[in-house]
Amino acid sequence: RFIKTHWAMTSILTGVVIQVRELLDHDRMYTFYTRERGLLRVIARGTRKFLSKLSPHAMPFSELTIMIAHGKLIPKLAGVETKQDFRGMREDLNRLVLGLSLHEIVRETVREGVADHALYDYLIEAYRWLSTLSALSSERLRFISHGLTLKWLGLVGLGPKVDACVVCSRPTNEFRLLWLSTAAGGVICNECMAKDHSRFADAEKVSEDIVAALRWVAEAPMNAMLGVALLPHLSALGTIQSAFSAYHLADDRQVTKFLSSINYDEYKHTEPVLVS
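Rules behind the numbers
- Residues numbered from 1 in each chain as written.
- Predicted model: local features only at pLDDT ≥ 70, side-chain atom pairs only at ≥ 80, totals over all residues.
- Heavy atoms only, no water.
- Phe/Tyr/Trp six-rings, centres within 6.5 Å; stacked < 30°, edge-to-face > 60°.
- Buried < 20%, exposed > 50% of the residue type's maximum accessible area, 1.4 Å probe, protein only.
- Helix = DSSP H or I, 4+ residues; strand = E, 2+ residues; numbered from the N terminus.
- Salt bridge = Lys/Arg side-chain N within 4 Å of Asp/Glu carboxyl O.
- Core = buried A, V, L, I, M, F, W, Y, C linked by side-chain atoms within 4.5 Å.
- Contact = heavy atoms within 4.5 Å.
- Expected span 1.5 Å × (residues − 1).
- Axes fitted to C-alpha atoms, helices over the stretch in contact; angles between N-to-C directions.
- Parallel < 35°, antiparallel > 145°, perpendicular 65-115°, else oblique.
- Left-handed = near helix turned anticlockwise from the far one by under 90°.
- Nonpolar A, V, L, I, M, F, W, Y, C, P; charged D, E, K, R; others polar.
- Pairing = 2+ DSSP bridges.

1. Notes on the packing of aromatic side chains
Part 1 of the reasoning: The full count for this structure, using the stated rule, is 5 aromatic pairs.
Part 2 of the reasoning: Relative to phenylalanine 32, the ring of tyrosine 30 lies with its centre 5.8 Å away and its plane at 15°, an arrangement referred to as stacked. Of the two residues, tyrosine 30 and phenylalanine 32, neither departs from the other in class, the shared state being buried.
Part 3 of the reasoning: Seen in terms of ring centroids, tyrosine 33 and tyrosine 120 are 6.2 Å apart; in terms of plane orientation they differ by 35°. Their pairing is tilted. You can see tyrosine 33 sitting in strand E2 (residues 27–34) and its partner tyrosine 120 sitting in helix H2 (residues 117–130), a full 87 residues away along the chain. Tyrosine 120 matches tyrosine 33 in its accessibility class, with the two residues each being buried.
Part 4 of the reasoning: Through a chain of ring-to-ring contacts, the aromatic side chains of Phe61, Phe86 and Tyr127 assemble into a single cluster.

Written out as structure tokens, the structure reads:
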């Protein structure tokens, strides 16, 4: 149970562990993504000791209730309880990689001390859904990673925006010929491209089907990424996601590199199914 401390010096928050680093001989630095305060880094004294009471509970892929003691410099972890555990995320390589990839994106796209309930709820929803997935083919695994990233980029305002032309704001369903610009953040109509083609040098033509698929990935439930309707567009959607990630995010994301290079087909995985 939580220890009792003066209320003015402590905070009780709900959050998840998205990074753990060793600190000194016996301590750790935890990075939490919290519902109430966004990204938060705290020191956990003695958590590398064998008899630590905090470290068994401060597990990644668990939603936690955490008590933070506020000091003069860096907050300290004073208590932790498990609210709900998505242990399936830690028991399978595919789920683990997808979860760690999400953590990299969270660390790069949110600021410390800035709360966003929609982003937090999305992360918890992703944990819950991913923990139900069984065998994944390498192609589908990468696409789920692309899809989750596209959804997150849309939530934080980094695109791709596909409902209307990012220049004139006219709805995309009024145009037959569309372009997609990573630098501009989304879809551009042919008229706007004709007026200032040099401004959008990176733009490439996209079909109505691709625009519809991008909209579907952004708005549909996560389970839609398992459907066969998107199979013809997996490669194109992956290319678009990679372009937007390369433009907005750092290029040293280790989990993303691992996901792109490993040959999962060696494990002879099949298409994903849900397990009860």
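2. Focus on the pattern of salt bridges
Part 1 of the reasoning: Taken as a whole and assessed by the stated rule, the structure comprises 7 salt bridges.
Part 2 of the reasoning: For aspartate 85, the salt bridge goes to arginine 90, with nearest N and O atoms at 3.0 Å.
Part 3 of the reasoning: Judged by relative accessible area, aspartate 85 falls into the partly exposed class, the value being 37%.
Part 4 of the reasoning: For arginine 90, a relative accessible area of 29% gives the class partly exposed.

3. Re the environment of leucine 23
Part 1 of the reasoning: Along the polypeptide, leucine 23 turns up in strand E1 (residues 10–23).
Part 2 of the reasoning: Classification of leucine 23 by relative accessible area gives partly exposed; the value is 25%.
Part 3 of the reasoning: Along the chain, leucine 23 and isoleucine 43 lie 20 residues apart, while their C-alpha atoms are 8.4 Å from each other.

4. Some thoughts on the nonpolar core
Across soluble globular proteins, nonpolar side chains have a tendency to be buried as a group.
Part 1 of the reasoning: Counting 58 residues, the largest nonpolar core has Tyr33, Trp129, Leu130, Ile144 and Leu148 as its most contacted members.
Part 2 of the reasoning: Here this core gets 9 residues from one element, more than from any other, and that element is H2.
Part 3 of the reasoning: Apart from residues lying up to four places away in sequence, isoleucine 144 is in contact with Leu98, Trp129, Leu130, Leu133, Leu136, Met225 and Leu226.
Part 4 of the reasoning: Judged by nonpolar contacts, the second largest core, of 14 residues, contains Ala58, Leu64, Ile66 and Leu77.

5. Examining helix H3 (residues 138–155)
Part 1 of the reasoning: Between the first and last C-alpha of H3 there are 26 Å, a value that for 18 residues agrees with the 26 Å anticipated at 1.5 Å per step.
Part 2 of the reasoning: A large share of H3 lies buried, amounting to 14 of its 18 residues.
Part 3 of the reasoning: One or two steps after H3, the chain reaches glycine 157, where phi turns positive at roughly 85°.

6. Re the packing of helix H1 (residues 93–109) against H3
Part 1 of the reasoning: In the contact formed by H1 and H3, the axes pass within 10 Å of each other and the chain directions differ by 25°. In terms of orientation, H1 lies roughly parallel with respect to H3. Classified by chirality, the crossing of H3 by H1 is right-handed. Two secondary-structure elements touch here, H1 through Asn94, Leu98, Ser101, Leu102, Ile105, Val106 and Thr109 and H3 through Leu141, Ile144, Ser145, Leu148, Thr149 and Trp152.
Part 2 of the reasoning: Grouping the amino acids of the contact of H1 with H3 by side-chain chemistry returns 8 nonpolar, 5 polar and no charged.

7. Topic: the pairing of E1
Part 1 of the reasoning: As paired strands, E1 and strand E4 (residues 62–69) are joined by 6 bridges and run antiparallel to one another. Residue threonine 10 lies in a different strand from E4, and its bridge partner there is alanine 69.
Part 2 of the reasoning: With 8 bridges joining them, E1 and E2 adopt antiparallel strand pairing. Pairing of glutamate 22 across the sheet is with arginine 28, part of E2.
Part 3 of the reasoning: Connecting E1 to the antiparallel partner E2 that follows it, the hairpin turn spans 3 residues, and leucine 24 within it adopts a positive phi of roughly 55°.

8. Considerations on the sheet that holds strand E7 (residues 186–189)
Part 1 of the reasoning: Strands sit in the order E7-E6-E8 across an open sheet of 3 strands; the sheet is antiparallel. Of all the strands in the sheet, just E7 and strand E8 (204–206) have a single pairing partner and so form its edges. Sheet twist, expressed as the average angle between the axes of neighbouring strands with direction ignored, equals 45°.
Part 2 of the reasoning: Bridge count for strand E6 (residues 178–181) against E7 is 4 bridges, and the pairing is antiparallel. What sits directly across from leucine 180, in E7, is valine 187.

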